[in-house]
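Fold and geometry: a report
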Amino acid sequence: MKINHIEHIGIAVRNLEQAIAFYEKQLGLPCYNIEEVPEQKVRTAFFKVGQTKVELLESTDPEGPIGKFIENRGEGVHHIAFATEGLQDNLDELATNGIRLIDKTPRKGAENLDIAFLHPKDTLGVLIELCENPKQ
Ligand code: ZN
């Protein structure tokens, strides 16, 4: 496993427009991309902070993962995404080591990244996403 940097921090919000206004007006971070990811039942907004991004996540369905997260725990940090290389090999290695995976094979996330989530029960309570830019 080799992790290069924190790709993004995912933050669950109730209202994407209000959250974007806060990040833009109060923190001075311009939103450069808004994207819906139907498979994950979210709308996302992205902000660059150095080479790391903030990904705001608004649920489009109360039964989706972000909808349930907000219902149970309220708004807040939802996951940390690490940029890595050889994503499938990394997942296989983790599985061999007994770490449970939400995604055993990568799937497409926002911004055309290949992504996979590890199970938070095996990652000390933090939902960890590994991602790989297929263009690299
Ligand atoms: Zn993410």
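Here goes a summary of the coordinates provided.

Analysis parameters
- Residues numbered from 1 in each chain as written.
- Predicted model: local features only at pLDDT ≥ 70, side-chain atom pairs only at ≥ 80, totals over all residues.
- Heavy atoms only, no water.
- Helix = DSSP H or I, 4+ residues; strand = E, 2+ residues; numbered from the N terminus.
- Rg over C-alpha atoms; globule rule 2.2 N^0.38 Å.
- Contact = heavy atoms within 4.5 Å.
- Areas by Shrake-Rupley, 256 points an atom, 1.4 Å probe, with all protein chains shown as cover.
- Lys, Arg positive; Asp, Glu negative; His and termini not counted.
- Charge placed at Lys NZ, Arg CZ, Asp CG, Glu CD.

Time to look at the overall build of the protein chain. Summing up its helical and strand segments, the protein chain has three helices and eight strands in all. The linear arrangement of helices and strands in the protein chain, starting from the amino end, is β-α-β-β-β-α-β-α-β-β-β. Here the protein chain has a C-alpha radius of gyration of 15 Å; the compact-globule value for 136 residues is 14 Å, and the two agree. Each of the three principal axes of the protein chain carries a C-alpha extent, and together these read 45 × 35 × 25 Å. Taking as baseline every contact in the protein chain between residues at least 6 positions apart, the subset at least 24 positions apart corresponds to 53%. Of the roughly 7600 Å² of accessible surface on the protein chain, a fraction of 53% belongs to carbon and sulfur atoms. Looking at the protein chain, you have 15 positive and 22 negative side-chain charges, and the mean spots of the two groups are 2 Å apart.

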